[in-house]
Amino acid sequence: MNSIIIPLNAFETTGFQHTMIGKIYEQQVHGVEIRRELMKKVDQEIELIAEELKTYPLFTVYSAPIELWKENGELNTQELKAILEEAVSLGAQWVKVSLGFYQPQSPMADLQQLLEAFPALRLFVENDQTSHGGNIASLHAFFDNAYEVPVSMTFDIGNWLYVHEQPQEAIKKLRSFVGYIHIKHVIKNSGKLVTTAISNDSNEMWKDILKGFSHSIFKALEFPIDEPEQIPGFISLVQAAEQEEVQ
């Protein structure tokens, strides 16, 4: 096994996410990232996924498109608690959300108290594609103030480009908080940023960014993948890039 996780939004699934679990397990990856935004019948689909994970025991990340902090700076308690409860039902180990509208006066004690009720889960906060939740300064201020809270960062390589932040600057400021990386390649097509699969092109930014982190850190391949059978090839690309650094 390796430290690679496959998010299920990488595939254009026409059915429920649970149908992909076994196919991903066969590719010898470390884990799977379940995406709440792909669910149409949440309770039913969580039950189906949980059953599949009993058969195919993959490390599980539960990703939900909610913001940790409301516009007024208060904790998004109701939604976060619901997501944490769903993660427990799934049997997930990690939960991933976005930062939201963190402010210096945001009540960190409220977050710590809520997470204490879910000791088996680790919370991750990702840099998203919003100006308020994806900027380096806000993320650094949050993590710097959350030193007593069991929370780590998901470093999404491509999202920095959407908010006009410099990835290398983000590494300098945020590296010590990062426990999970989303790998992708982002290009500009007809004036719009588009996520594409990684390749062996030496000019692709993801390779340089990986050099800023330990090889053992968990990594997700969050880009379009046509078939699960392509996964080993992409893993080899990541491993080759890391080996280049060693040499």
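Higher on the page you've got the structure.
Residues numbered from 1 in each chain as written. Predicted model: local features only at pLDDT ≥ 70, side-chain atom pairs only at ≥ 80, totals over all residues. Heavy atoms only, no water.

Once that is clear, we can look at the overall build of the protein chain. Scanning the protein chain from N- to C-terminus turns up nine helices and ten strands. What you see for the protein chain is a C-alpha radius of gyration of 18 Å, in line with the 18 Å of a compact globule of 247 residues. Dimensions of the protein chain, computed from the C-alpha atoms along their principal axes, are close to 45 × 40 × 35 Å. Evaluated residue by residue, the protein chain yields a buried proportion of 51% over its 247 residues. Once local pairs closer than 6 in sequence are excluded, the contacts in the protein chain between residues at least 24 apart make up 78%. (Helix = DSSP H or I, 4+ residues; strand = E, 2+ residues; numbered from the N terminus. Rg over C-alpha atoms; globule rule 2.2 N^0.38 Å. Buried < 20%, exposed > 50% of the residue type's maximum accessible area, 1.4 Å probe, protein only. Contact = heavy atoms within 4.5 Å.)

Time to look at the packing of helix α2 (residues 42–55) against helix α3 (residues 77–90). Relative to each other, α2 and α3 sit at 35°, their axes nearing to 8 Å. Facing V42, I46, I49, A50 and L53 of α2, the residues of α3 in contact are E86, S89 and L90. (Axes fitted to C-alpha atoms, helices over the stretch in contact; angles between N-to-C directions.)

Bringing the sheet that holds strand β4 (residues 94–100) into the picture now. The eight strands lie next to each other as β1-β2-β3-β4-β5-β6-β7-β10, forming a closed barrel whose pairing is parallel. When the angles between neighbouring strand axes are averaged without regard to direction, this sheet yields 30°. As judged from the four bridges shared by strand β6 (residues 151–156) and strand β7 (residues 178–183), these two strands associate in the parallel manner. Each residue of the ladder has a partner; that of D156, found in β7, is H182. Contacting β2 (31–35), β3 (59–69), β4 and β5 (122–126), α3 runs over the sheet at an angle of about 175° to β3. Contacts from helix α5 (residues 136–145) reach β3, β4, β5 and β6 within the one sheet, and its direction differs from that of β6 by about 160°. (Pairing = 2+ DSSP bridges.)

This model, assessed by the stated rule, comprises 13 salt bridges. The closest approach of N and O atoms between K96 and E33, which form a salt bridge, is 3.9 Å. Remark: E33 occurs in strand β2 and K96 occurs in strand β4; sequence separation between them is 63 residues. As a salt-bridge pair, K184 and D156 come within 3.0 Å of each other at their nearest N and O atoms. Here the residue K184 occupies a position in the loop between β7 and β8 (185–189), and D156 occupies one in strand β6, the gap between them amounting to 28 residues. (Salt bridge = Lys/Arg side-chain N within 4 Å of Asp/Glu carboxyl O.)

Two elements, β8 and strand β9 (residues 192–196), share five bridges in a ladder whose sense is antiparallel. By the bridge assignment for β9, V186 is matched with T195. Hairpin remark: β8 followed by β9, antiparallel, with two residues in the connecting loop; positive phi at S190, about 55°.

Attention now moves to the nonpolar core. Core analysis: the largest hydrophobic core is formed by 74 residues, its most contacted members being L68, L80, L111, F142, F155 and L221. Among the elements that make up this core, the one with the highest residue count is helix α9 (residues 231–246) (six residues). With near-sequence residues (within four places) excluded, L80 lies in contact with I66, L68, L75, V97, L111, L114 and L123. (Core = buried A, V, L, I, M, F, W, Y, C linked by side-chain atoms within 4.5 Å.)

What follows is about the packing of aromatic side chains. The tally for this structure, following the rule as stated, stands at 15 aromatic pairs. Ring centres of F143 and F177 lie 5.3 Å apart, and the angle between their planes is 20°; this geometry places the pair in the stacked category. Of this pair, F143 sits in helix α5 while F177 sits in the loop between α7 (167–174) and β7; the two residues are 34 residues apart in sequence, bridging distant segments of the chain. You'll find F143 and F177 in the same group, each marked buried. Consider the rings of F155 and W160, whose centres lie 5.4 Å apart with planes at 55°: the pair is tilted. Comparing F155 with W160, the two get one shared label, buried. Grouping aromatic residues by their ring pairs yields a cluster made of F59, W94, F124, Y180 and F218. (Phe/Tyr/Trp six-rings, centres within 6.5 Å; stacked < 30°, edge-to-face > 60°.)

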